[in-house]
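Residue-level listing of the chains:
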Amino acid sequence: MLIRYGVSTGFASLGSVKNCMLASSAVFRRQQFLIRSLGGYSDHIEPRRMQDIRSMSGTTFEADAENVMREITPVLDPSKHKGQAGKIAVIGGCREYTGAPYFAAISALKIGADLSHVFCTKDAAPVIKSYSPELIVHPILEESYNISGLEDEERRCISSKILAEVDKWMERFDCLVVGPGLGRDPYLLECVSEIMKHARQSNVPIVIDGDGLFLVTNSIDLVSGYPLAVLTPNVNEYKRLVQKVLNCEVNDRDAPELLQSLAKQIGGVTILQKGKSDLISDGEIAKSVSIYGSPRRCGGQGDILSGSVAVFLSWARAKGKATTSQMNPTVLGCIAGSALLRKAASLAFKDKKRSTLTTDIIECLGRSLEDICPAC
Ligand SMILES: NC(=O)C1=CN([C@@H]2O[C@H](COP(=O)(O)OP(=O)(O)OC[C@H]3O[C@@H](n4cnc5c(N)ncnc54)[C@H](OP(=O)(O)O)[C@@H]3O)[C@@H](O)[C@H]2O)[C@@H](O)CC1
Ligand SMILES: Nc1ncnc2c1ncn2[C@@H]1O[C@H](COP(=O)(O)OP(=O)(O)OP(=O)(O)O)[C@@H](O)[C@H]1O
Ligand SMILES: [Mg+2]
């Protein structure tokens with residue numbers, strides 16, 4: 001028997017700035033949100049799903065993260081060749097920040113990607129290389145201070161050389177991570193905008209974090225309507241994004257609804273809102289990951305997350321329709337990346353307590369994944 005559920009299926013209105021400000025009926029909005037979260041596109045809802053919807057009104061959208069990981073993590077098959085488990089590129093690393101791109105890139109390898117590249121500024125490259133021989137580091141990006149005094153034509157020439165260098169590799173990458181330790185130099189960000197446009201033309205997924213979010217918040221067209229874009233904002237980055245796109249303030253009461261409407265408003269990108277619980281939405285469904293992590297808030301954990309999401313998203317895409325959950329691969333990647341980081345942080349904290357650092361968490365990534373998906 002089908003029950004007529006008297007609400008419109010359209011969630012688009014929630015995405016509008018107007019609705020954000022005129023949030024008059026919390027109950028009505030929650031009903032709409034819950035329907036979408038269950039993947040409901042019809043206005044006919046079966047009784048069991050109605051019950052599900054009611055039971056979810058305590059905002060329990062917890063993802064079955066371990067099953068997601070099991071489903072998308074590839075088996076270690078001797079017939080596979082180098083590269084098939086993932087080729088990731090991090091665009092980040094400048095004079096100030098060398099740790100962040102390293103954390104993202106090395107995390108991708110520790111989880112199981114085969115190759116991890118870093119495209120950074122010339123100053124940052126020797127430092128990042130010295131952290132690890134495993135990373136392939138391209139010293140190609142330029143900041144304004146390095147090209148000051150050059151004519152516009154010469155600057156344009158340098159930009160096109162940078163772009164050509166990244167393009168040589170682009171088609172080979174399974175995912176880009178844009179932003180960890182990128183800095184905010186205007187000339188550098190202009191080049192990175194072009195790199196993102198090329199990635200988009202080549203259908204390469206892009207995880208955007210840190211200063212990449214600063215860039216995207218001010219140039220939302222770079223990601224708008226691109227379903228392979230994943231934004232991973234922390235508290236500050238999320239506030240800035242909401243203010244810019246929805247023209248309203250963040251309010252904890254309707255957090256999942258607001259997130260969902262933000263993702264929808266940016267044309268169906270996936271957003272992983274980091275916090276005490278990580279909330280994930282692609283504008284259609286919303287999930288949370290609340291596995292206990294660590295009370296240590298040392299810098300760099302978001303960088304691990306961006307590298308992890310890139311790997312899991314690549315794996316989820318490679319699985320294609322073979323996953324039973326029917327969820328968007330970008331959402332699956334976010335769920336798995338968030339859960340793994342939290343597990344690793346919890347393991348590291350057990351051992352190191354107050355002295356837990358990001359490098360300790362990275363050392364626990366392998367063991368955390370092994371507990372859920374044994375290699376053999
Ligand atoms: N080792 C490295 O190389 C690392 C480099 N990194 C790179 O740095 C770049 C800038 O990224 P970001 O995260 O520092 O900038 P942003 O989000 O503006 O925060 C700035 C300030 O906001 C505050 N604040 C933060 N969280 C908050 C919260 N939950 N709730 C409340 N307040 C909060 C806090 O300020 P405070 O508490 O001091 O006032 C914080 O200091 C970017 O490229 C990134 O990748 C990092 O990845 C770390 C490791
Ligand atoms: N209050 C919290 N309690 C538990 N876990 C948290 C909390 N805040 C963040 N996290 C976890 O830490 C991860 C990184 O989030 P965080 O907000 O530190 O990112 P970030 O500020 O971008 O980090 P980074 O220092 O790398 O830039 C999140 O995925 C989340 O799982
Ligand atoms: Mg960050």
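Residues numbered from 1 in each chain as written. Chains lettered and ligands numbered in written order. Predicted model: local features only at pLDDT ≥ 70, side-chain atom pairs only at ≥ 80, totals over all residues. Heavy atoms only, no water.

- Per an unreviewed UniProt entry, the chain is named ATP-dependent (S)-NAD(P)H-hydrate dehydratase, and its organism is Citrus sinensis.
- Taken directly from UniProt, the Sequence similarities (unreviewed entry) text for the chain runs: "Belongs to the NnrD/CARKD family."
- Reading the Function (unreviewed entry) entry of the UniProt record for the chain gives the comment "Catalyzes the dehydration of the S-form of NAD(P)HX at the expense of ATP, which is converted to ADP. Together with NAD(P)HX epimerase, which catalyzes the epimerization of the S- and R-forms, the enzyme allows the repair of both epimers of NAD(P)HX, a damaged form of NAD(P)H that is a result of enzymatic or heat-dependent hydration." (UniProt positions renumbered as here; feature names shortened; annotations may be inferred.)

**Observations concerning the overall build of the chain**
Here's step 1: Looking only at helices and strands, the chain features 16 helices and 11 strands.
Here's step 2: The buried share among the 376 residues of the chain stands at 53%.
Here's step 3: Here the analysis covers contacts within the chain between residues at least 6 apart in sequence; of these, 69% occur between residues at least 24 apart.
Here's step 4: With an accessible surface of roughly 16800 Å², the chain has 51% of that area assigned to carbon and sulfur atoms. (Helix = DSSP H or I, 4+ residues; strand = E, 2+ residues; numbered from the N terminus. Buried < 20%, exposed > 50% of the residue type's maximum accessible area, 1.4 Å probe, protein only. Contact = heavy atoms within 4.5 Å. Areas by Shrake-Rupley, 256 points an atom, 1.4 Å probe, with all protein chains shown as cover.)

**What about the side chain of Glu237?**
Here's step 1: With respect to the helices and strands, the residue Glu237 is situated in helix α11 (residues 235-246).
Here's step 2: Here Glu237 sits buried without a salt bridge, and the closest side chain of opposite charge, Lys274, lies 4.4 Å off (N-O distance).
Here's step 3: In terms of polar contacts, Glu237 uses its side chain to reach the backbone amide nitrogen of Asn234, at 2.8 Å.
Here's step 4: In this view, Glu237 contacts Asp209, Gly210, Leu213, Thr232 and Lys274; residues no more than four positions away in its chain are not counted. (Lys, Arg positive; Asp, Glu negative; His and termini not counted. Salt bridge = Lys/Arg side-chain N within 4 Å of Asp/Glu carboxyl O. Polar contact = N/O pair within 3.5 Å; in protein donor to acceptor, adjacent residues only side chain to side chain.)

**Focus: the layout of surface pockets**
Here's step 1: Taken as a whole, the largest pocket encloses approximately 820 Å³ of empty space.
Here's step 2: In terms of lining residues, the largest pocket is bounded by 37 residues, among which Asn234, Lys274, Arg297, Gln301 and Gly302 are the most central.
Here's step 3: Going through the elements one at a time, α6 (99-111), α11, α13 (301-319) and α14 (329-352) are the ones with two or more residues in the lining of the largest pocket.
Here's step 4: Considering only residue class, the lining of the largest pocket consists of 12 nonpolar, 14 polar and 11 charged.
Here's step 5: Considering every element that reaches the lining of the second largest pocket, the biggest residue donor is helix α16 (residues 365-372), with four residues.
Here's step 6: Across the lining of the second largest pocket, the residue classes tally to 11 nonpolar, five polar and five charged. (1 Å grid on protein atoms, 1.4 Å probe; cavity = no way out; pocket = protein on both sides within 12 Å on 5 of 7 lines; lining within 4 Å. Points joined across faces, edges and corners; volume = space filled by probe spheres on them. Nonpolar A, V, L, I, M, F, W, Y, C, P; charged D, E, K, R; others polar.)

**A closer look at the sheet that holds strand β8 (residues 229-231)**
Here's step 1: Within the open sheet, the nine strands sit side by side as β5-β4-β3-β6-β7-β8-β9-β10-β11. Their pairing is mixed. The open sheet has two edge strands, β5 (136-141) and β11 (286-289), and neither has a second partner. Taken over all neighbouring pairs, the strand axes of this sheet differ in orientation by 20 degrees on average, direction set aside.
Here's step 2: Here α6 sits on the sheet in contact with β3 (87-91) and β4 (115-121), set at roughly 170 degrees to β4. (Pairing = 2+ DSSP bridges. Axes fitted to C-alpha atoms, helices over the stretch in contact; angles between N-to-C directions.)

**Section: the pairing of β4**
Here's step 1: Burial runs high along β4: six of the seven residues are buried.
Here's step 2: In terms of strand pairing, β3 meets β4 through five bridges, oriented parallel. By the bridge assignment for β4, Val90 is matched with Val118.
Here's step 3: Once you follow β3 into α6 and on to β4, the crossover reads as right-handed.
Here's step 4: Two strands pair when backbone bridges link them, and β4 and β5 are joined in this way by five bridges, in the parallel orientation. The residue bridging His117 from the neighbouring strand is Ile136, located in β5.
Here's step 5: Regarding the hand of the β-α-β motif, the stretch spanning β4, helix α7 (residues 124-131) and β5 is right-handed. (Right-handed = clockwise from strand over helix to strand, strands pointing away.)

**With respect to the site of ligand 2**
Here's step 1: With respect to spatial proximity, 14 residues lie near ligand 2, and among them Asn234, Lys274, Asp278, Gly300 and Gly302 are the closest.
Here's step 2: Within the backbone of Gly302, an N or O atom sits 2.8 Å from an oxygen atom of ligand 2.
Here's step 3: Taken by itself ligand 2 offers 620 Å² of open surface, and the protein chains cover 77% of this.
Here's step 4: Most atoms of ligand 2, that is more than half of them, are within 2 Å of grid points of the largest pocket.
Here's step 5: Residues belonging to the shell around ligand 2 are distributed by class as follows: two nonpolar, six polar and six charged. (Near = heavy atom within 4 Å. Sits in = over half its atoms within 2 Å of the grid points.)

**Thoughts on the site of ligand 1**
Here's step 1: The immediate surroundings of ligand 1 are formed by 16 residues, with Gly181, Asp211, Asn234, Asn236 and Asp303 found nearest.
Here's step 2: The contact in question runs from an oxygen atom of ligand 1 to an N or O atom on the backbone of Gly181, over 2.9 Å.
Here's step 3: Notes on ligand 1: free accessible area 910 Å², of which the protein chains cover 49%.
Here's step 4: Looking at the shell around ligand 1, its residues break down into six nonpolar, six polar and four charged.

**Focus on unusual backbone geometry**
Residues apart from glycine generally show negative phi values, whereas peptide bonds are mostly found in trans.
Here's step 1: Positive phi, close to 55 degrees, is recorded for Asn247, a residue that is not glycine.
Here's step 2: Relative to the elements of secondary structure, Asn247 occurs in the loop between α11 and α12 (255-265).
Here's step 3: Phi is positive for Lys353, which is not a glycine, with a value near 45 degrees.

**So, empty space enclosed by the protein**
A probe matching the size of a water molecule, rolled over the atoms, marks out where space remains unfilled.
Here's step 1: Scanning the entire structure with this criterion turns up two cavities of 30 Å³ or more.
Here's step 2: Roughly 40 Å³ of volume is contained in the second largest cavity.
Here's step 3: Along its surface, the second largest cavity is lined by Arg184, Gly210, Leu213, Phe214, Thr217, Glu237 and Arg240.
Here's step 4: Here the lining of the second largest cavity gets three residues from one element, more than from any other, and that element is helix α10 (residues 211-218).
Here's step 5: Of the residues in the lining of the second largest cavity, the class split is two nonpolar, two polar and three charged.

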